[in-house]
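Overview (structure and organization)
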Amino acid sequence: MNARILIVEDEAGLVMTLRDRLRKQGYTVSVARDAESALETAARHSFDLILLDLMLPGKSGLAVCEKLREGGSSTPILMLTARRQTKDKVAGLKAGGDDYLTKPFHMTELLARIEALLRRPSKMSTTAAVQYHFGNVEIDVRRTEVLRGGKVMPLSAKEFQLLQYFLEHRDATLSREELLREVWGYQELPSTRTVDVHVAWLRQKLEQDPKNPQFILTVVGFGYKFAAER
Ligand code: CA
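Being a predicted model, the structure only gives us computed values, none of them experimental. (Residues numbered from 1 in each chain as written. Predicted model: local features only at pLDDT ≥ 70, side-chain atom pairs only at ≥ 80, totals over all residues. Heavy atoms only, no water.)

Some thoughts on the overall build of the chain
Each helix and strand counted, the chain has 8 helices and 12 strands in total. Taken over C-alpha atoms, the radius of gyration comes to 18 Å for the chain, in line with the 17 Å a tight globule of 230 residues would show. Across its three principal axes, the chain shows a C-alpha extent of roughly 55 × 35 × 30 Å. Taking all 230 residues of the chain together, the buried fraction comes to 50%. Within the chain, residue pairs in contact and separated by at least 24 positions form 58% of the contacts whose partners lie at least 6 positions apart. With an accessible surface of roughly 11400 Å², the chain has 49% of that area assigned to carbon and sulfur atoms. (Helix = DSSP H or I, 4+ residues; strand = E, 2+ residues; numbered from the N terminus. Rg over C-alpha atoms; globule rule 2.2 N^0.38 Å. Buried < 20%, exposed > 50% of the residue type's maximum accessible area, 1.4 Å probe, protein only. Contact = heavy atoms within 4.5 Å. Areas by Shrake-Rupley, 256 points an atom, 1.4 Å probe, with all protein chains shown as cover.)

Structure (structure tokens):
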């Protein structure tokens, strides 16, 4: 495992701890201490994962995340937040983060989350040129490209994997737990809210009327279902 990780954090002590531990795990580690240098570094080098603290001097981590996603980056982003409020976590996911961890955290938990984000579920590592379409949306799995009305629609890595899982299980009712396990790779479930936020985001991007979805349907009391076209 020689994945490249960018740590974006300004607390010197935490940076040192994280860097040492991640290097010990065999990761290649770079560090940025504020939003500006994070964006610069991310533009110059490619990373397999970004560990992003939300509280930074100057621009916040949320702004960094939004900028990266606007620029078309689909690098998995794990957010670190000192705040406990759910609304901040939701804001983080809405800004395009793939997961979040509240400080203080256990190093083992951080490492597990990192591994989960880096691991692409095996059934998704297909090399066949698989294409799907629904409504005015076209998906090219091999190129991880989504077009809506002929225009590229940028999705984060997790959004794409979630969409792909839906497409591979059309018409099946999928529980939040199954989605967390299969798409996020979690054995221990942090919060099924993660699934809801990503579903909401996919609807925003892909449904004609996100409030009355035609494809990504809620199955009340159970989970979600991707409806095949009739
Ligand atoms: Ca900080």
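Past the structure itself, the notes keep going.
Digging into the environment of arginine 203
Considering the arrangement of structural elements, one finds arginine 203 in helix α8 (residues 193–206). Owing to a relative accessible area of 13%, arginine 203 belongs among the buried residues under this scheme. Taking C-alpha positions, arginine 203 is 6.9 Å from isoleucine 216, a pair spaced 13 residues apart along the chain. Ignoring any residue separated from it by four or fewer positions in sequence, one finds arginine 203 in contact with Pro210, Pro213, Ile216, Leu217, Thr218 and Tyr224.

Digging into the packing of aromatic side chains
Inspection of the entire model under this criterion finds 4 aromatic pairs. Ring geometry for phenylalanine 215 and phenylalanine 226: centres 6.1 Å apart, planes at 20 degrees, overall stacked. Separated by 11 residues along the polypeptide, phenylalanine 215 in the loop between α8 and β11 (216–219) and phenylalanine 226 in strand β12 (residues 223–226) bring together distant segments of the chain. Taken together, the aromatic side chains of Phe134, Phe166, Phe215 and Phe226 make up a single cluster linked through ring pairs. (Phe/Tyr/Trp six-rings, centres within 6.5 Å; stacked < 30°, edge-to-face > 60°.)

Focus on the domain arrangement of the chain
Per the domain assignment, the segments making up the chain are domain 1 (4–118) and domain 2 (132–226). The interface of domain 1 with domain 2 comprises 14 residues on the first partner and 15 residues on the second. Across the interface of domain 1 and domain 2, roughly 1200 Å² is buried in total on both sides, 60% from carbon and sulfur atoms. The largest contributions to the domain 1 side of the interface with domain 2 come from Leu93, Lys94 and Asp98, which together make up 36% of the buried area. Inspection of the domain 1/domain 2 interface yields 0 salt bridges. In this structure, the connection of domain 1 to domain 2 is made through 3 residue pairs in polar contact (both at pLDDT 80 or more). Elements supplying a minimum of two residues to the side of domain 1 that touches domain 2: α4 (86–94), β5 (99–102) and α5 (107–118). A breakdown of the residues in the side of domain 1 that touches domain 2 according to their chemical character gives 6 nonpolar, 3 polar and 5 charged. (Domains from an automatic or database assignment. Buried area = accessible area lost by both parts, 1.4 Å probe. Salt bridge = Lys/Arg side-chain N within 4 Å of Asp/Glu carboxyl O. Polar contact = N/O pair within 3.5 Å; in protein donor to acceptor, adjacent residues only side chain to side chain. Nonpolar A, V, L, I, M, F, W, Y, C, P; charged D, E, K, R; others polar.)

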